[in-house]
Every structure is written in structure tokens, then in C-alpha cells.
Amino acid sequence: MQLTSKINQIVDQLEKIQPFNVQNPLDATRKYLETMSLQLSGKKEPVAIIEELNISKENHQIPIRIYRPKWKTDQKSSAIVYIHGGWFIAGSFETHDAVVRKLANSTGSVVIFLDYRLAPEHPFPAGLNDTIDAVRWVIENAENLDIDETQIGIIGDSAGAALSTAVSTQIGEFLKFQVLIYPAADNQLNTETWKTYENGPVLNKQGGIEAWNWYLPKEELDNPLAIPVRIKDFKETPPTLMIFAEHDPLLDDGRQLAENMNNAGISLKTSFYKDMVHGFMHMGEILEEVQLAIDEMVVFAHHNFKIVKEQQV
């Protein structure tokens, strides 16, 4: 494994992270992601407005944060639903704030960020149900949100990409595209890239085993909606962009998912980021590749939104 000087700089910084007042391993994981994001994400871009509200369900609330971009047109805005990563057990508004701001301004779309329920307090399928419910809510409330219900896409990173993949098989007919960033596609952790990167950087196998055990109840171990590489029927899955990082234990799992989607006839584009590590989208303070990936997602989103506009004419 040959890491660049910038990646080595990041790895050195990650090794020095000591989250404050850690209560247990779960708390440590959550605070580690928060600290990493705070230290490495870089300056946060201003957006026009940020709104926070809750989607009411029968016995709980789904918090969402709505980012409206700096540039407003007279037309109803396109929208992107963002599903965050964090091994299904971590992640929050703040861990992905810098990335979501960039996406909103760069795409010109309203970005709706979901704070879905996390394991182990809420194991599968709680987070997936929240995600599906929230996407449906966005579609049903498009008029009030001042967005175009025919121009909605979804982006997920890591665990969020796994959730996005499942969502798209259920209600993909309402989505114009999806972007899957280094997806957490399998719970076996037995690929060649897992052998190579068992001890990092960023992720390690023991942490992955614990996260999947917390997330996935025994009765759900064969559920393809929890484990994307087991999905056989991609149904209405929209055009998909999949982003991979070279030094990522999840790389082979993601490639298997891509192969499965390709074999199913899904319109698929893959993009490989040489020298990058898992979670590199949180490292904009140091890595110019973050903006390159944002730019790639912008082109992909605009292309698929444009197709819809042309079909409406």
C-alpha cells in the first residue's frame, strides 16, 4: 500500500484524534466521525438558507435539514435527498454539513438531509424505513417545499449508499438518478480489499464487524434490502453513478454491486479515485479530489435533470 504524502498527513492526523469524554465504543465511533469531519472538512460554504424540521410518523420523528443554494431561479428547484454514512451507527447533520453545502451550491438544487434512526438503538429496518418515508414525504410535499417533484435525485455515502440502493429498488420510479459514494454493500468483509486494508486507513475490520452486528438482527441476515450485493431485482433503479476510492476496504464490495447492477441492465457509470481513502469526501481541507467528485456529481445530476426537462417540453 503506497499512500501519497497528503493521505499520510491525513492518516497521521486521524491517529491523533482523541474524542472527549468517551463513554463506550459506540460513543467513541460517533465522536470520532464528528471530530474527523470538524478537523478535515474545511471551510463551510454559505448557502441561502438552512431549515430544520421534523417529519412526524406514528411513534417517532424524522429530523431533516433543508439546504437552499445561494443561487435562486424563478423556476421550482430540483432536489437531492442526501443519506449519510457512518456504518449505520453514526453520522449526523454536522458530520456532513460541509459536503452538503457544497452540493447545494454546486448543483443549484435544494438538498434535503435526513437524520435517520441509528443502530444499535434502532437496528434494521428502522433507518431504511425512515429513509423511504422521508423520500415519500419530499415527493408528496414538493409543492410546499417549492421543488419540482419530477426532478428529485438521491445521493448516499458508505452506509448511506447502501440505504440509497435499497430505497431505489422500492420507489426508484420517483427518482431521476442516484449517486453511491464508496457504498457499504456487504456484511461479509471477506474480499481481497478487506484483507489488504483490514487495519485501515480510516476503517478497520473489527469496527466493521461490530457495526454490522449492531445494525443487522439475526432474522434479517439474508435480507437483500440490508445487504445490497444480495439484491437480485433492481426494479425501477434510476441511472446510477458509483464513486470508488482506491485505498478502501469497501472497494471490492462496491465493484460487486456495480457488476450486479450492470448485469441487471441499470444505466451505470463508475468513477475510480486513485490514491483516495474511504471517507475522502470529508477531507476537503487537504484534498482537491473532494471538489473534483462534487463536480462529477453536478454533471451527472444536471444531465439526468435535463433529460426530464426535455421530456416535458
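Quantities reported herein were computed from a predicted structural model and do not represent experimental measurements.

What follows concerns the sheet that holds strand β7 (residues 240–247). With mixed pairing, the eight strands of this open sheet are ordered in space as β1-β2-β4-β3-β5-β6-β7-β8. Each edge of the open sheet is held by one strand with a lone partner, namely β1 (49–56) and β8 (268–277). Between one strand and the next, the sheet's axes are offset by a mean angle of 20°, whatever the strand orientation. Note that strand β3 (residues 77–83) and strand β5 (residues 147–157) share six bridges and pair parallel. By the bridge assignment, Tyr-82 is partnered in β5 with Ile-155. Taken strand by strand, helix α3 (residues 97–107) contacts β1, β2 (61–68), β3, β4 (110–114) and β5, and its axis lies near 50° from that of β2. Strand contacts of helix α6 (residues 159–171): β3, β5 and β6 (178–181), with the helix running at about 135° to β5, the strand carrying the most contacts.

Attention shifts here to the packing of helix α4 (residues 126–140) against α6. At a minimum axis separation of 10 Å, α4 and α6 run at an interaxial angle of 55°. Between α4 and α6, the angle is such that the two are oblique. Helix-helix and strand crossings are classified by hand; for α4 and α6 the assignment is right-handed. Residues Gly-127, Leu-128, Thr-131, Ile-132, Val-135 and Arg-136 of α4 form the contact with α6, whose own contacting residues are Leu-163, Ala-166, Val-167, Gln-170 and Ile-171. Looking at side-chain class alone, the contact of α4 with α6 contains seven nonpolar, three polar and one charged residues.

What follows concerns helix α8 (residues 205–215). Residue pairs spaced three or four apart in an α-helix point in one direction, given the helix's 3.6 residues per turn. Listing the buried residues of α8 in full gives Gly-208, Ala-211, Trp-212 and Tyr-215. In a view along the axis of α8, the buried residues occupy a sector of 95°, so they form one face of it. For α8, the capping residue at the N-terminal end is Asn-204, with a side-chain oxygen 3.3 Å from the backbone nitrogen of Gln-206.

Let us now look at the layout of surface pockets. A water-sized probe rolled over the atoms picks out the places where empty space is left. Taken as a whole, the largest pocket encloses approximately 730 Å³ of empty space. As for the largest pocket, its lining consists of 34 residues, of which Tyr-32, Trp-87, Val-202, Leu-203 and Asn-204 are closest to the centre. For the lining of the largest pocket, the element with the most residues is helix α2 (residues 25–40), which contributes six residues. Grouping the constituent residues of the lining of the largest pocket by class yields 18 nonpolar, 13 polar and three charged. In this model, the second largest pocket occupies a volume close to 340 Å³. Lining of the second largest pocket is provided by 19 residues; of these, Thr-73, Lys-76, Ser-77, Ser-78 and Gly-108 occupy positions nearest its centre. No other element matches helix α10 (residues 289–312), which puts three residues into the lining of the second largest pocket. A per-class count over the lining of the second largest pocket returns six nonpolar, nine polar and four charged.

Another point: the pairing of β4. Counting buried residues along β4, five of its five residues qualify, which places the element largely inside the surrounding structure. Of the two faces of β4, both are covered, the one formed by Val-110, Ile-112 and Leu-114 as well as the one formed by Val-111 and Phe-113. As paired strands, β2 and β4 are joined by four bridges and run antiparallel to one another. When the bridges of β4 are listed, Ile-64 appears paired with Leu-114. What joins β3 to β4 is α3, and the crossover it makes is right-handed.

Conventions adopted
Residues numbered from 1 in each chain as written. Predicted model: local features only at pLDDT ≥ 70, side-chain atom pairs only at ≥ 80, totals over all residues. Heavy atoms only, no water. Pairing = 2+ DSSP bridges. Helix = DSSP H or I, 4+ residues; strand = E, 2+ residues; numbered from the N terminus. Axes fitted to C-alpha atoms, helices over the stretch in contact; angles between N-to-C directions. Contact = heavy atoms within 4.5 Å. Parallel < 35°, antiparallel > 145°, perpendicular 65-115°, else oblique. Left-handed = near helix turned anticlockwise from the far one by under 90°. Nonpolar A, V, L, I, M, F, W, Y, C, P; charged D, E, K, R; others polar. Buried < 20%, exposed > 50% of the residue type's maximum accessible area, 1.4 Å probe, protein only. Arc of directions from axis to C-beta. Polar contact = N/O pair within 3.5 Å; in protein donor to acceptor, adjacent residues only side chain to side chain. 1 Å grid on protein atoms, 1.4 Å probe; cavity = no way out; pocket = protein on both sides within 12 Å on 5 of 7 lines; lining within 4 Å. Points joined across faces, edges and corners; volume = space filled by probe spheres on them. Right-handed = clockwise from strand over helix to strand, strands pointing away.

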